[in-house]
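A closer look at the structure
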Amino acid sequence: MNLNFPFDPLKRAAEVESIVMQGDKRLYYRFRPAPYYGGIATADAVGCSFLCAYCWNYNRNLNPARFREFYNSQQVSSKLLNIAQRKSFNMFRISGAEPILGENSFNHLIDVVDIIFQSRPCSVFILETNGFILGCRTDLIEKLKFQNLRIRICLKGVDEQSFELITGAQREFFAYPFKALKELEKLGINAWPALMGDLFSHDKILGLKKLLEDYEINAQLELESLEAYPFVLENMKKRKLNI
Ligand code: SF4
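Below, the structure is looked at part by part.

Cut-offs applied
- Residues numbered from 1 in each chain as written.
- Predicted model: local features only at pLDDT ≥ 70, side-chain atom pairs only at ≥ 80, totals over all residues.
- Heavy atoms only, no water.
- Helix = DSSP H or I, 4+ residues; strand = E, 2+ residues; numbered from the N terminus.
- Pairing = 2+ DSSP bridges.
- Patch = residues over 30% accessible without salt bridge, like charges linked within 9 Å, V, L, I, M, F, W, Y side chains within 5 Å.
- Areas by Shrake-Rupley, 256 points an atom, 1.4 Å probe, with all protein chains shown as cover.
- Salt bridge = Lys/Arg side-chain N within 4 Å of Asp/Glu carboxyl O.
- Buried < 20%, exposed > 50% of the residue type's maximum accessible area, 1.4 Å probe, protein only.
- Core = buried A, V, L, I, M, F, W, Y, C linked by side-chain atoms within 4.5 Å.
- Contact = heavy atoms within 4.5 Å.
- Axes fitted to C-alpha atoms, helices over the stretch in contact; angles between N-to-C directions.
- Parallel < 35°, antiparallel > 145°, perpendicular 65-115°, else oblique.
- Left-handed = near helix turned anticlockwise from the far one by under 90°.
- Nonpolar A, V, L, I, M, F, W, Y, C, P; charged D, E, K, R; others polar.
- Arc of directions from axis to C-beta.
- Phe/Tyr/Trp six-rings, centres within 6.5 Å; stacked < 30°, edge-to-face > 60°.
- Lys NZ or Arg CZ within 6 Å of the ring centre and 35° of its normal.

**Looking at the environment of proline 35**
- Looking at the element boundaries, proline 35 is found in the loop between strand 2 (25–34) and strand 3 (40–45).
- Separated by 90 residues in the primary sequence, proline 35 and phenylalanine 125 have C-alpha atoms spaced 15 Å apart.

Shown next as C-alpha cells:
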C-alpha cells in the first residue's frame, strides 16, 4: 500500500477494509489465550485505519495484504469459544488491528459478538477500538447495545498535533473518537477512553481530561503503559516521539 504521512484515515480505512474483508470474512492470523484482563480468548486480526508509531503489530498493519486466512464470524466465534472452554476464560476480544474499518467489518464484528453471547450469555466481550469510524458513523453505535459488551476507546493523542504524529493520520480527524465516546454514553453503552500515559506529561494528561469534560464525557480515563519492544522504540524514534 502506498502511504504518505500524514494520510487521510477515512481513505485508508476504506482501502484496508477492501483488503482484509472478503464478503463477511475477515483476515486473522492467530487465535490464542492471552493473559490480559485476568485471561481472555483473543483473535488477532490485521488492518487498521491508523498506523501508530507504537503499534505492537506495526509491520502486519503496514502490509495486511500478505496474509491469506479469511474467517467468517461463525469460525471466529467457534475458535474463541473453544479457547475459553479449554482455559476456563469468561472474556473475549479481537486484537492486533482495528475491528471497525467500515460497515462490512463492523457487521462481521457484531456477528462475532452476537454468536458468543448466544453461546455464553454471562461472558464479557471487550471491544478495543481507536473509535475513529464509530465517530464518523455514529449511526452504527445503536447496534453495539449488548449488555456485556465493554468498549475501550484508545485515544492516540492529547491534541491534534500529537494525534497526527502518533497515528500518521491527518490532524483534522482528532475529534472523531470523542464523538464516538459521547454517543456511546448518550445511549448508555459501557465505554471509556484510554491513553498511552507514558508518552505525555502530567499537564498534557490533565489537558486531555479537561477536553473530555468539555465534550461532557464522564467515563474515567484509563492510562496504559507502553510495551517497549525494540522495533516499537525504533518506529517512535523515526517519528521523533520521545517517552
Ligand atoms: S489504532 Fe491500534 S491497531 Fe491501529 S495502528 Fe494504532 S495501535 Fe495499532
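**Focus on the pairing of strand 2**
- Of the pairings in the sheet, the one linking strand 1 (residues 21–22) to strand 2 comprises two bridges and is antiparallel in character. In the sheet register, methionine 21 faces strand 2, and the bridge partner there is arginine 26.
- Counting the residues between successive antiparallel strands, the hairpin from strand 1 to strand 2 contains two residues, one of them, glycine 23, with a positive phi of roughly 60°.
- Where strand 2 meets strand 3, six bridges bridge the pair, whose relative direction is antiparallel. By the bridge assignment, proline 33 is partnered in strand 3 with alanine 41.
- Where strand 2 folds back on strand 3, the antiparallel hairpin that results is connected by five residues, among which tyrosine 37 adopts a positive phi of roughly 55°.

**Overview of a nonpolar patch on the surface**
- Taken together, the side chains of Trp56, Tyr229 and Phe231 define a hydrophobic patch exposed on the protein surface, amounting to about 250 Å² of accessible area.
- For tyrosine 229, the position within the fold is in the loop between strand 9 (222–224) and helix 9 (230–238).
- In this structure tyrosine 229 comes out as partly exposed when scored by relative accessible area, which is 34%.

**Observations concerning the nonpolar core**
- Residues Tyr54, Phe125, Leu144, Leu149 and Ile151 are the most contacted members of the largest nonpolar core, which totals 71 residues.
- In terms of residue count, helix 4 (residues 103–119) provides more of this core than any other element does, seven residues in total.
- Not counting residues up to four positions away in its chain, the partners in contact with leucine 149 are Val113, Phe117, Phe125, Leu127, Leu144 and Asn190.
- Judged by nonpolar contacts, the second largest core, of eight residues, contains Val16, Met21, Val46 and Leu101.

**Thoughts on the packing of helix 3 (residues 73–87) against helix 4**
- Packing of helix 3 against helix 4 leaves a shortest axis separation of 9 Å and a crossing angle of 45°. Taken as axis vectors, helix 3 and helix 4 run oblique relative to one another. Handedness of the helix 3/helix 4 crossing: right-handed. Across the interface between the two elements, Ser73, Gln74, Val76, Ser77, Leu80 and Leu81 from helix 3 touch His108, Asp111, Val112, Ile115, Ile116 and Ser119 from helix 4.
- A per-class count over the contact of helix 3 with helix 4 returns six nonpolar, five polar and one charged.

**Section: helix 9**
- Along helix 9, the positions that sit buried rather than exposed are Val232, Asn235 and Met236. Down the axis of helix 9, the smallest arc covering the buried residues is 100°, so these residues share one side. Exposed and facing more than 90 degrees away from the buried side of helix 9 are Pro230, Lys237 and Lys238.
- Looking at the residues trailing helix 9, positive phi occurs at lysine 240, about 60°.

**Some details on the pairing of strand 3**
- Most of strand 3 sits out of view: six of its six residues are buried.
- The two faces of strand 3 match: Ile40, Thr42 and Asp44 on one face and Ala41, Ala43 and Ala45 on the other face are all buried.
- Sheet topology note: the strand 3/strand 5 (residues 91–95) ladder contains four bridges and is parallel. Opposite alanine 43, over in strand 5, you have isoleucine 94 as the bridge partner.

**Here we look at the packing of aromatic side chains**
- A complete count under the given rule lists 15 aromatic pairs for this structure.
- With 5.9 Å between their ring centres and 55° between their planes, phenylalanine 5 and phenylalanine 7 make a pair best called tilted.
- Assessed through its relative accessible area of 44%, phenylalanine 5 is described here as partly exposed.
- Plain terms: the ring middles of tyrosine 229 and phenylalanine 231 are 5.6 Å apart, the flat faces sit at 5° to each other, and that makes the pair stacked.
- Here the aromatic cluster, defined as three or more aromatic residues joined through ring pairs, consists of Phe50, Phe132, Phe163, Phe173, Phe174, Tyr176, Phe178 and Tyr215.
- Directly above the ring of phenylalanine 7 sits arginine 12, whose terminal nitrogen or CZ lies 5.5 Å from the centroid.
- Directly above the aromatic system of tyrosine 176 lies the positively charged group of lysine 179, at a separation of 4.4 Å from the ring centroid.

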